[in-house]
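Take a look at the letters that make up each chain.
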Amino acid sequence: MKLDSRGSRSGLSAERAARQLAHDGPNELPRPPRRTAWHILRELAREPMHQLLAAAVAIYFVLGDLAEASVLLVFLAVIVAITLVQERRTERVIEALRDMTSPRAMVWRDGVPRRVAGAELVRGDLIELTEGDRVPADARLIAANDLAVDESLLSGESLPVAKAAAAGDEPAPAPSSHVYAGTMVVAGRAVAEVTATGAHSEIGRIGAVLGATETESTPLHRQTRQLVRWFSVLGLLVSLVVGVLFAWSRGDWLGATLAGITMAMSMLPQEFLLILTVFMAMGAWRLSQHRVLTRRAATIEALGAATVLCTDKTGTLTRNQMRIETLVCFTANGPTRWRAGDGALDARFAALLRHGVLACEQEAFDPMERAFHALAATFLADQAPSRRLVHEYGLSPALPVMTHVWELDSGPEHAVAAKGAPESVAGLCRLPDALRAQVLEVAGGLADQGMRVLAVASAGFAGEAWPATPHGFDFRLLGLVALADPLRDTVPRAVEDCRRAGIRVLMITGDHPGTARAIARQAGLDGQAGVLLGDEVAALDDAALRRAVGTTTVFARVAPQQKLRIVQALKANGEVVAMTGDGVNDAPSLKAAHIGIAMGGRGTDVAREASALVLLDDDFGTLVEAVRLGRRIYDNLLKAMRFVFAVHVPIAGLTLIPMLMGWPLVFTPMHIAFLEIIIDPVCSIVFEAEDEEPDLMARAPRDPSAPLFSMSMIAQSLLQGCVVLLLVGGFYAWLLHKGTSDDAARASAFIALIASNIALILANRSLHGRFRAAFQTRNRALWGMVLTILALLSAVLLWEPVRRLFGFELPDPLMIGASLGLGVATFMALMLQQGLMATRRRGWRRR
């Protein structure tokens, strides 16, 4: 594209753009108000657990027990502070991810094109627009070539609107010469000058808020909310019964209220939703550290269940660093070749390369077109005639050929250049059958070597009544161009990891079947079922296609609509599909897949907005790492949930049993608050930071329909909790039976419970109950948390004022040793129980 005398490609200077940005503010629409600390505090005040703690504080004040009320108030403040810190951390992560996924723009600054965040654009900036771009700001067109824009977001008009550069004497801005923020470029290219940004843009005046990210209700969130409701109702009912029984048996209504509050606090699983929120946010952050951006929270849940990865070839399996290796011209004596390193080009090869460049964009971003320009800069630098692009025919599924029409200063006739798939260009040139067969045979041989093969043709045209399609030109074949794009080093290992993990990898490309076969062979893909071509996909009915996608691994010459059918057929077979895409026409298949993955480097805005994940480096190895991390996040979430279920059983049991048996109470709300200070960080920090399981990528994908809170998981957790309750409760009963004072017995049982909770943490570090996994030292957060717990417990026991408030008497060293020893015994019992269950599961599988 070439600017006329009214514009230049220098753009604003960086200094002037910075001043303008400071004056106008960022180019973004008003976002929903951020959740401030006060917003979060108001939400926390509605939490049942915090309301119960506040009620307990009030009762202690009524009873005149100011010391206990004050300490409980401090505990409440600590719990709220921990929750507040975790919520703010989550907010910051989400805010950072939102900034990373904001729209981008190609802008000229200081005479150099650069890609910047859309928020950094200012009035007066020169921006480039290409097919698939979301227009980042209102702008006046300076130069445009066959530009069409989808303005349905603003006008509701479903058909694209043709745009043209403004005339020099245009008296007032015309909509046809302007583009508007939020609309989508569906065809052509343009250069435009920004005229309005942010709230001053057309869409800003209308008041649409596009920047807001809607919170999604994922399956896990729905399951968790339902479970919390059930347990909350159960806990409140039990606490009411306990309170009434306590009052009836002991005649103390305030004491009964405290007992009921203690019981309710011990049973409320308020950690579940916090865990889920933190895990999803931190999971998205961890994915971003691997150069994968998450656009939808549900994706993290789905990653671990993916059974099929559908990937493109160019730039994902290969490096996207193309170089022209071979030029082929056809003569009466057969094909002649020029190979890289052969030296200067003769007239025929020079004409082939020159017209190949004419069929490229003048400022190429595509690696293939950059390869044409690079070779031309070496051999044709002094042969570039003065020219102006006057018309263009873009690629389409029906005709994968790029055609440009140029006005040359050397003559009245327009020069037409076309490049594209050999079979399509051969059709444009209307080749005789023998020559067509020869061309396709040579192209196939080059493709079998793993090279990308294009054919180039030329034509002349007088006048400006352009044909409706390139078929209206009288093309002459100039030859073939073969480009090499080497496989990424990470791909064979990543494909092997997928194979071990039970994940099929499908390569779906628009390239030549020979090239697809060669790359598949290098990548280690199973190509025994052969290559299925796009035309063959189109000819199959739905049932036949479902059978075909069950065995075929390599698809070539596939158009976007055929990609969509492949995804739908895979889903119909019960597969969980991850699909990569980069173009405008890939959006339907990205939306149809369970996990749509856009290319961050070469992908269009349309593809990114239709996707759930964005690969910043377009690397297949990164995609497999994302699957690995998705499995790890889900595993750790399961460990945390299992721990929460288990840890509430002994707390609730040791609250209820002494009431029923007439024993001295073990817990008051203060003890429960202390335990909550321990439980919340353990769940959200320690388990979230756990390393992956050894068999993470050696097991089949999980069933996506299987609930996180399965009956087997709940049963195993409850069994773990019962083991702890049996041992600690039995220990407390034994202490009372042997005449230990109430306060000393309470303190010893509390120490034993804390030690047993640490045992629960260690036992749940592995999903499979591996003994060695319990003591792996790679999780620094775990050992830091254990030391913190022991330090807090020591402070409670050794600081007399606090010890009195807890109703403790300092046990003798022998009793403390017995309490800690019970923690060791609990750990051994838990590991034995997990080992027996694992043995039983293996026995069931063998049957």
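The following refers to the structure shown. The written sequence of each chain sets the order in which its residues are numbered from 1. This being a predicted model, a pLDDT of at least 70 is required before a residue's local features are given, and a value of 80 or more before pairs of side-chain atoms are given or counted; all residues contribute to the totals for chains, interfaces and linings. In computing side-chain properties, one takes all heavy atoms of the structure into account and sets aside hydrogens as well as water.

### Some details on the overall build of the protein chain
To keep it simple, the criterion reads: Helix and strand assignments come from DSSP, with helices taken as H or I runs of at least 4 residues and strands as E runs of at least 2, each series counted from the N terminus. Each residue gets one of three labels from its accessible area relative to the maximum for its type: buried under 20%, exposed over 50%, partly exposed in between, using a 1.4 Å probe on protein chains only. Residues are treated as being in contact if the distance between any of their heavy atoms lies within 4.5 Å. We get accessible surface area from the Shrake-Rupley algorithm with a probe of 1.4 Å; when it comes to residues, only the shown protein chains can shield them.
Looking only at helices and strands, the protein chain has 28 helices and 22 strands in total. Of all 847 residues assigned to the protein chain, the portion counted as buried reaches 55%. Contacts in the protein chain between residues far apart in sequence, at least 24 positions, make up 73% of those at least 6 positions apart. Roughly 36200 Å² of accessible area belongs to the protein chain as shown, and the carbon and sulfur atoms make up 58% of that amount.

### Comments concerning the packing of aromatic side chains
Quick reminder of the rule: By convention, a stacked pair of Phe, Tyr or Trp rings (six-membered ring in the case of Trp) has centres within 6.5 Å and planes under 30 degrees apart, an edge-to-face pair has planes over 60 apart, and any other such pair is tilted. Charge-over-ring contacts are defined here by two conditions on Lys NZ or Arg CZ: a distance within 6 Å of the ring centre and an angle within 35 degrees of the ring normal.
Here the structure, examined in full by the defined rule, presents 14 aromatic pairs. Each ring, one from Trp663 and one from Tyr732, has its centre 6.2 Å from the other, and the planes form 65°; the classification is edge-to-face. Here Trp663 is found in the loop between helix H22 (620-661) and helix H23 (669-686), whereas its partner Tyr732 is found in helix H24 (residues 711-737), with 69 residues between them in sequence. Judged by centre distance (5.3 Å) and plane angle (45°), the ring pair of Phe750 and Phe808 falls under tilted. One end of the pair, Phe750, is in helix H25 (residues 742-763); the other, Phe808, is in the loop between helix H27 (800-805) and helix H28 (813-846), and 58 residues separate them in sequence. The exposure classification of Phe750 matches that of Phe808, with both residues buried. Taken together, the aromatic side chains of Tyr393, Phe461, Trp466, Phe473 and Phe475 make up a single cluster linked through ring pairs. Positioned above the aromatic ring of Trp406 is the side chain of Arg387, whose terminal nitrogen or guanidinium carbon lies 5.1 Å from the ring centre. Between Lys738 and the ring centre of Trp734, over which it is positioned, the NZ or CZ distance is 5.3 Å.

### Things to note about the sheet that holds strand E9 (residues 308-311)
This is how the line gets drawn: When DSSP finds two or more bridges between a pair of strands, those strands are recorded as paired. Note on geometry: axes are C-alpha line fits, over the in-contact stretch for helices, and angles between N-to-C directions span 0 to 180 degrees.
Across the sheet, eight strands lie side by side as E8-E22-E21-E20-E9-E17-E19-E18; this open sheet has mixed pairing. Only two strands of the sheet have a single partner each, and these edge strands are strand E8 (292-294) and strand E18 (531-533). Here the strands of the sheet are splayed against their neighbours by 20° on average, with no regard to which way each runs. In terms of strand pairing, E9 meets strand E17 (residues 504-508) through four bridges, oriented parallel.

### Remarks on the sheet that holds strand E14 (residues 414-420)
Here seven strands make up an open sheet; going across it, the order is E11-E10-E16-E15-E14-E13-E12 and the pairing antiparallel. On the outer flanks of this sheet lie strand E11 (334-339) and strand E12 (387-393), each paired with one strand and no other. Geometrically, the sheet is characterised by an average inter-axis angle of 25° between neighbouring strands, direction not taken into account. Relative to E11, strand E10 (residues 323-331) runs antiparallel, the two being bridged by six bridges. Along E11, the bridge assignment pairs Thr326 with Arg339. Those strands touched by helix H14 (residues 433-448) are E10, E11, strand E15 (451-461) and strand E16 (476-484), and its axis lies near 160° from that of E10.

### Some words on the side chain of Thr826
Turning to its location among the elements, Thr826 is positioned in helix H28. A relative accessible area of 0% places Thr826 in the buried class. Residue contacts for Thr826: discarding those within four places in its chain leaves Val724, Leu727, Ser756 and Ala759.

### Remarks on the pairing of strand E4 (residues 138-150)
Pairing of E4 with strand E7 (residues 184-196) involves ten bridges; the strand directions are antiparallel. What sits directly across from Ala148, in E7, is Ala187. Examined bridge by bridge, E4 and strand E6 (residues 178-179) share two bridges and lie antiparallel to one another. Its bridge partner lying in E6, Ala139 is registered against Val179.

### Looking at the packing of helix H15 (residues 491-500) against H22
Axes are the key here: two packed helices are described by the angle between their axes and the distance separating the axes. Defined as follows: Relative orientations are named as follows: roughly parallel for angles under 35 degrees, roughly antiparallel for angles over 145 degrees, roughly perpendicular for angles from 65 to 115 degrees, and oblique for any other angle. Helix crossings get a hand from a simple test, with the near helix turned counterclockwise from the far one by less than a right angle marking a left-handed crossing and a clockwise turn marking a right-handed one. Three categories are distinguished: nonpolar for Ala, Val, Leu, Ile, Met, Phe, Trp, Tyr, Cys and Pro, charged for Asp, Glu, Lys and Arg, and polar for the others, with Gly belonging to the last.
The N-to-C vectors of H15 and H22 enclose an angle of 30°; their axes lie 8 Å apart at closest approach. With respect to each other, H15 and H22 are oriented roughly parallel. Remark: the crossing between H15 and H22 carries left-handed chirality. Here Val491, Ala494, Val495, Asp497 and Cys498 of H15 come into contact with H22, specifically with Phe620, Gly621, Val624 and Arg628. Per-class residue counts for the contact of H15 with H22 are six nonpolar, one polar and two charged.

### Overview of a nonpolar patch on the surface
Keep this limit in mind: Patch definition: residues above 30% relative accessible area lacking any salt bridge, with like charges linked at up to 9 Å and the nonpolar side chains Val, Leu, Ile, Met, Phe, Trp and Tyr linked at up to 5 Å. A pair is scored as a salt bridge if a Lys or Arg side-chain nitrogen falls within 4 Å of a carboxyl oxygen belonging to Asp or Glu.
Judged by side-chain polarity, Val241, Leu245, Trp248, Ile657, Leu660 and Met661 come together as a nonpolar surface patch covering roughly 660 Å² of accessible area. Those elements giving two or more residues to the nonpolar patch turn out to be helix H7 (219-250) and H22. Turning to its location among the elements, Val241 is positioned in helix H7.

### A few points about the pattern of salt bridges
Two side chains of opposite charge can pair, provided their charged atoms sit close to one another. Using the criterion set out here, one finds 30 salt bridges in the structure. Where Glu369 meets Lys419, a salt bridge forms, and the shortest distance between an N and an O atom there is 3.0 Å. Pair noted here: Glu369 is in helix H12 (residues 367-379) and Lys419 is in strand E14, with a separation of 50 residues, a long-range link. Comparing Glu369 with Lys419 shows no difference in burial state: the two are buried. What you see here is one network of salt bridges that share partners, running through Arg493, Asp497, Arg500, Glu625, Arg628 and Glu692.

### Some remarks on the packing of H24 against H25
Where H24 meets H25, the closest approach of the two axes is 9 Å, and the angle between their N-to-C directions is 160°. One finds that H24 runs roughly antiparallel with respect to H25. Seen from above, H24 lies across H25 with right-handed handedness. On H25, the residues that touch Gln720, Val724, Val728, Phe731, Tyr732, Leu735 and Leu736 of H24 are Asp742, Ala745, Arg746, Ser748, Ala749, Ala752, Leu753, Ser756 and Leu760. Within the contact of H24 with H25, the residues separate by chemical class into eleven nonpolar, three polar and two charged.

### Concerning the nonpolar core
As a reminder, the rule being used: Throughout, nonpolar core names a set of buried Ala, Val, Leu, Ile, Met, Phe, Trp, Tyr and Cys residues whose side chains join them through atoms within 4.5 Å.
Core analysis: the biggest nonpolar cluster contains 126 residues, and Leu309, Phe620, Leu637, Met641, Phe667, Val682 and Phe709 have the highest contact counts within it. Among the elements that line this core, the one with the most residues is H22, at 20 residues. For Leu637, the contacting residues outside a window of four places in its chain are Leu220, Ile275, Leu276, Phe279, Met280 and Leu708. Counting residues in hydrophobic clusters, the runner-up holds 30 residues, among them Phe330, Phe461, Phe475 and Ala484.

### Regarding the pairing of E14
Burial within E14 is extensive, with seven of its seven residues counted as buried. Across the two faces of E14 the burial is the same, with His414, Val416, Ala418 and Gly420 and Ala415, Ala417 and Lys419 all buried. Pairing between strand E13 (residues 401-408) and E14: six bridges, direction antiparallel. Residue pairing across strands places Val405 opposite Val416, the latter belonging to E14. With seven bridges connecting them, E14 and E15 associate as antiparallel partners. The partner of Ala415 across the bridge, within E15, is Gly460.

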